[in-house]
Amino acid sequence: MYLTVRDATKTYGTFTALDRVSIEIEKGEFVCLLGPSGCGKTTLLRLIAGLTDLDGGEITLEGATLSDLPTRKRGFGIVFQSYSLFPNMTVAENIGYGLKIRGAPKDEVATRVKELLALVKLPQVADNLPGQLSGGQQQRIALARAIAVDPRVLLLDEPLSALDAKVRATLRDEIRQVQRSLGIPTLMVTHDQEEALALADKIICMNHGVVVQAGTPEDLYHRPATRFVAEFMGISNLLPASEIEQHFPDLLTTRPSSDEPYLACIRPEQIGVTPAKDGTATVRSISFLGNLRRLEVDSPAGPLLVETHGGNACRAGDRVNLSIEPQACTWVIDDAAQPETAPA
Ligand code: ADP
Ligand code: MG
């Protein structure tokens, strides 16, 4: 393992921001740290960068502890959410800054800056000041500055969140391309599950200062471990076992044998809809979403969301039958379930 965080704990007064968090990043891997605002993502990134001290646990790079290494000696490249370029330096000076303070010769810096500007597709802006660039361009320069020094790890804290949707999507793909071509192990913080799904080799999903699940995008989307992950990764139908037993008994075959409170998680695109005069469910509403249609259906098991790619010609008010393949159902632990209160 290249970078490891083991049992990292961070408290602010009586508040525990991170509770024994462990993560691993392999060489060349793109890892997304995903979770809602306030769950501890930035805190974890800052601990790895050495900008905040650990209260417990350990961080190692290639087997060596980073505990006593100050930020500038860790050799990491960092990009933050808001544009953190030096406003009074030109783009070229910003990108070359790290190399210059390391004592690299002038012409070497100039060559490298030119290379990096080409890499982030902004060859013309070397002499501009950051303020003369758009938000997306500034983040490209921030990325170029972070990779200028051949960082051992690239740390990105919501680098796209201040940009509008179109720029965000383009830059997202470019970050991935640059990361792939250079093979820099990268940890990117985001609260946007779509971004994480599109970018990551591995997603680490956090909530309330703990890691809830880590795995490939496919794992988290198709095999969420808990209700929180299922809901965070996108729209889900979550049904208690009692409803499944009554209305979709075929699905029970996949249910884990354990006493924990499980819910059946069924993705909207995995429910088949067939119009039928004597159908057991009713289409309540339909929204057209371009490449697909989302149906709200009143079923005997309760309201369900269904997504179809054209095909059937249902209308609101139609009776339909629903079908769900057993393998389309994932059982997740209901981590929002109230624990049973012990008698006093
Ligand atoms: P995220 O990046 O996931 O939105 P943060 O890591 O920034 O979350 O913050 C996690 C929690 O720790 C939040 O509740 C935040 O208020 C708290 N926190 C972060 N930094 C400090 C600090 N310096 N002092 C006190 N509380 C902090
Ligand atoms: Mg944050």
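Residues numbered from 1 in each chain as written. Chains lettered and ligands numbered in written order. Predicted model: local features only at pLDDT ≥ 70, side-chain atom pairs only at ≥ 80, totals over all residues. Heavy atoms only, no water.

Brief notes about the pattern of salt bridges
- The tally for this structure, following the rule as stated, stands at 15 salt bridges.
- In this structure, Asp150 and Arg112 form a salt bridge, with 3.2 Å as the shortest nitrogen-oxygen distance. Residue Asp150 is located in the loop between helix H5 (135-147) and strand E7 (153-157), and its partner Arg112 is located in helix H4 (residues 106-119); the two are separated by 38 residues in the primary sequence.
- The residue Arg172 makes a salt bridge to Asp173 at a minimum N-O spacing of 3.9 Å.
- Shared partners join several salt bridges into a network, and the residues in it are Arg112, Glu115 and Asp150. (Salt bridge = Lys/Arg side-chain N within 4 Å of Asp/Glu carboxyl O. Helix = DSSP H or I, 4+ residues; strand = E, 2+ residues; numbered from the N terminus.)

Regarding the sheet that holds strand E18 (residues 329-333)
- An order of E11-E12-E18 is seen for the three strands of this open sheet, with the pairing classed as antiparallel. Two strands close off the open sheet at either side, each with one partner strand: strand E11 (237-240) and E18. In this sheet, neighbouring strand axes are inclined to one another by 35° on average, regardless of whether the strands run parallel or antiparallel.
- As paired strands, strand E12 (residues 262-266) and E18 are joined by five bridges and run antiparallel to one another. Paired with Cys265 across the strands is Thr330, a residue of E18. (Pairing = 2+ DSSP bridges. Axes fitted to C-alpha atoms, helices over the stretch in contact; angles between N-to-C directions.)

Details of the site of ligand 1
- In the vicinity of ligand 1, the contacting residues are Tyr12, Phe15, Ala17, Pro36, Ser37, Gly38, Cys39, Gly40, Lys41, Thr42 and Thr43.
- Between a nitrogen atom of ligand 1 and a side-chain N or O atom of Tyr12, the distance comes to 3.4 Å.
- Contact with the protein chains hides 57% of the accessible area of ligand 1, taken as 560 Å² for the molecule alone.
- Listed by contribution, the elements that provide at least two residues to the shell around ligand 1 are strand E2 (15-25) and helix H1 (41-49).
- Considering each element in turn, the shell around ligand 1 owes the most residues, three residues, to H1.
- Its residues placed into classes, the shell around ligand 1 shows five nonpolar, five polar and one charged. (Near = heavy atom within 4 Å. Polar contact = N/O pair within 3.5 Å; in protein donor to acceptor, adjacent residues only side chain to side chain. Areas by Shrake-Rupley, 256 points an atom, 1.4 Å probe, with all protein chains shown as cover. Nonpolar A, V, L, I, M, F, W, Y, C, P; charged D, E, K, R; others polar.)

Observations concerning the domain arrangement of the protein chain
- Taken domain by domain, the protein chain comprises domain 1 (3-222) and domain 2 (227-337).
- Facing 15 residues of domain 1, the contacting portion of domain 2 comprises nine residues.
- When the two sides are added together, the surface that domain 1 and domain 2 hide from each other amounts to roughly 1000 Å², 66% of it contributed by carbon and sulfur.
- Summed over the three residues of domain 1 that lose the most area to domain 2, namely Gln193, Tyr221 and His222, the buried surface amounts to 47% of that side.
- On the surface where domain 1 and domain 2 come into contact, there are zero salt bridges. (Domains from an automatic or database assignment. Contact = heavy atoms within 4.5 Å. Buried area = accessible area lost by both parts, 1.4 Å probe.)

Looking at helix H3 (residues 91-101)
- All of the buried residues in H3 are Val91, Asn94, Ile95, Gly96, Gly98 and Leu99.
- The secondary structure elements touched by the buried residues of H3 are H4 and H5.
- Positive phi shows up at Gly103, right after H3, with a value of about 85°. (Buried < 20%, exposed > 50% of the residue type's maximum accessible area, 1.4 Å probe, protein only.)

Here we look at the pairing of strand E17 (residues 319-324)
- Here E17 shows a buried face lined by Val320, Leu322 and Ile324 and an unburied face lined by Arg319, Asn321 and Ser323.
- Note that strand E14 (residues 281-288) and E17 share two bridges and pair antiparallel. Bridging across to E17, Thr282 finds its partner in Arg319.

Quick notes on the sheet that holds strand E6 (residues 76-79)
- The six strands lie next to each other as E6-E7-E8-E3-E9-E10, forming an open sheet whose pairing is mixed. Each edge of the open sheet is held by one strand with a lone partner, namely E6 and strand E10 (210-215). This sheet shows a mean twist of 15° between the axes of neighbouring strands, independent of strand direction.
- As judged from the four bridges shared by E6 and E7, these two strands associate in the parallel manner. What sits directly across from Phe76, in E7, is Val153.
- Where H1 meets the sheet, it contacts strand E3 (30-34), E6, E7, strand E8 (186-190) and strand E9 (202-207), and its direction lies at approximately 150° from that of E7.
- Contacting E6 and E7, H5 runs over the sheet at an angle of about 170° to E6.

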